[in-house]
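The lines below spell out each chain.
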Amino acid sequence: MAKWDETCDVLAVGSGGGLAGAYTAAREGLDVIVIEATDKYGGTTAYSGGGGMWFPCNAVLRRGGDDDTIEDALEYYRSVVGDRTPADVQEAYVRGGAGLIDYLEEDSNFEFQILPWPDYFGEKPKARASGRHIVPKPMNAKKLGVLRDSLRSPLATERLGEELPAYLVGGQSLIGRFLLALSTFANAAMHLNTTLEELVVEDGSVVGAVVEQGGRRRTIRARRGVILAAGGFEQNETLRAEFGVPGSALDTMGCPGNLGKAHQAAIAVGADTDLMGEAWWSPGLTHPDGRSAFALWFTGGIFVDDNGRRFVNESAPYDRLGRSVIEHMRARKVTTPYWMIYDNREGAVPPVKAPNVPMAQTEQYVDAGLWKSAQTLEDLAAQIDVPAAELVQTVKRFNESAATGVDTDFGRGDTAYDRAFSEGASPLVPIDQGPFHAAAFGISDLGTKGGLRTDATGRVLKADGTAIAGLYAAGNTMAAASGTTYPGGGNPIGASMLFSHLAALDLTKPPS
């Protein structure tokens, strides 16, 4: 028997969207301890500009006039994901979100609003052009009081030193609301700078964990169980290499604490894994510090490969676009950096309206060799080392498509998402106003999505399909319900919140 330093009913590992599980357990009367490996709460969720959830048919959408059905949403989701993940896990996700929002809205700390965001596979049956997406309402940061100091800062503050905003939006608001709600429960304790080292197993059940805090090891007993919602392993280069995850920790948007320790601890006690080579991908605008960061909302420009040829629908949802880049990298047609080609209608700054990390001064990109300009396409081709004739022909063909409004090569503009950032107009903007420009891009990710295989309540499974008693996983610590796809905005945070919530509800049941 282990000697325990601390005891609770539920140990929640991680403080991102998985705080929904800690909140649920505390609200249902269980003693909860949350441990966070870093010095701030929020994980990768705190970086999210939207902080959204893909939860079909929830009350927020209904109040806005939504006429969707769960059956339609499930048909869409299954048509996208296929049979790559268990059908019951998929169904649990699609059906469960509305109930979670009902549960949260009973607490005045939580307020949500609709952010119309088209489904990412608009060509699939029952896709919604208006989306199935909600976000937390913005919140005055003063409402957090001293809790503000423990909330992970936005990327603009962490990386560039910008001042903290007066209002919390997106993931900042979501985590802030959970921190406020949890602070009202005397039966919930939260520990920063506390890393999971091992899980403790007795008679085949997980009964607690060994953690490191303040340079020493401590043991925490969890009478009911442990919920692992500690993010992915995107910041661990060794694990990325072991499992063949493309890209680099340098270019991830994941929280610094996402080193995969929860994965490793669970694997050590027999947990099975899936999708370990996968991540939530995106193209990454390369910044003067050498890091390529998630970027979307392109109002022009085209991407070209090593031969100066266009190779992708540039207005596609970021994960689909990122996956196309990776496919071409594997085929040795694209190397990094690859280049966005655009004209001078907006000046030298690339037509990227939503860089996850704000842009620095133009001169810094130019000095770093990341943004290039020339009076002719031929001269620009020489600067980015692609065949001039091919680049000229590529731009000529694209301009012809722009003139007709139809992209016969890659279907840019064929779906609602493609037109979401052009107010429904064609996203095909000609490249015909010199001087011409090129901006360097790499591959980025929002975190790995491979992890522990679970059932529909978040219970962690062994290779033989049996559950490890007392152990649950959610979010990027679990193998994603969406498999190798990204059906719509809010899937990562939604899965973290929902499966941790379902896990907590399961833990409220009396021990058998």
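Now for a quick tour of the structure. (Residues numbered from 1 in each chain as written. Predicted model: local features only at pLDDT ≥ 70, side-chain atom pairs only at ≥ 80, totals over all residues. Heavy atoms only, no water.)

### Describing the packing of helix 11 (residues 377-384) against helix 12 (residues 388-404)
Inference 1: Taken N-terminus to C-terminus, the directions of helix 11 and helix 12 make an angle of 125°; their axes are 8 Å apart at the nearest point. It follows that helix 11 is oblique to helix 12 by the angle criterion. For the element pair helix 11 and helix 12, the recorded crossing hand is right-handed. Here Leu377, Glu378 and Ala381 of helix 11 come into contact with helix 12, specifically with Ala388, Leu391, Val392 and Val395.
Inference 2: Across the contact of helix 11 with helix 12, the residue classes tally to 6 nonpolar, no polar and 1 charged. (Axes fitted to C-alpha atoms, helices over the stretch in contact; angles between N-to-C directions. Helix = DSSP H or I, 4+ residues; strand = E, 2+ residues; numbered from the N terminus. Parallel < 35°, antiparallel > 145°, perpendicular 65-115°, else oblique. Left-handed = near helix turned anticlockwise from the far one by under 90°. Contact = heavy atoms within 4.5 Å. Nonpolar A, V, L, I, M, F, W, Y, C, P; charged D, E, K, R; others polar.)

### Re the pattern of salt bridges
Inference 1: By the definition in use, this model includes 36 salt bridges.
Inference 2: Here Arg217 makes a salt bridge to Glu197, at a shortest N to O gap of 3.5 Å. Separated by 20 residues along the polypeptide, Arg217 in strand 11 (residues 216-228) and Glu197 in strand 9 (residues 194-202) bring together distant segments of the chain.
Inference 3: Accessibility expressed as a relative area gives 45% for Arg217, which makes it partly exposed.
Inference 4: The network of salt bridges with common partners includes Arg62, Asp66, Asp67 and Arg128. (Salt bridge = Lys/Arg side-chain N within 4 Å of Asp/Glu carboxyl O. Buried < 20%, exposed > 50% of the residue type's maximum accessible area, 1.4 Å probe, protein only.)

### Notes on the packing of aromatic side chains
Inference 1: Tallied over the entire structure, the rule returns 29 aromatic pairs.
Inference 2: Measuring from ring centre to ring centre gives 6.2 Å for Tyr23 and Tyr103, while their planes differ by 80°; the resulting arrangement is edge-to-face. Taken together, the positions of Tyr23 in helix 1 (residues 19-27) and Tyr103 in helix 4 (residues 87-105) put the pair 80 residues apart, joining distant regions of the chain. The exposure classification of Tyr23 matches that of Tyr103, with both residues buried.
Inference 3: An angle of 45° between the planes, with centres 5.8 Å apart, marks the rings of Tyr77 and Tyr93 as tilted. Of this pair, Tyr77 sits in helix 3 (residues 70-81) while Tyr93 sits in helix 4, and the two are 16 residues apart along the sequence.
Inference 4: Overall, Tyr77 belongs to the buried group, its relative accessible area being 0%.
Inference 5: Owing to a relative accessible area of 1%, Tyr93 belongs among the buried residues under this scheme. (Phe/Tyr/Trp six-rings, centres within 6.5 Å; stacked < 30°, edge-to-face > 60°.)

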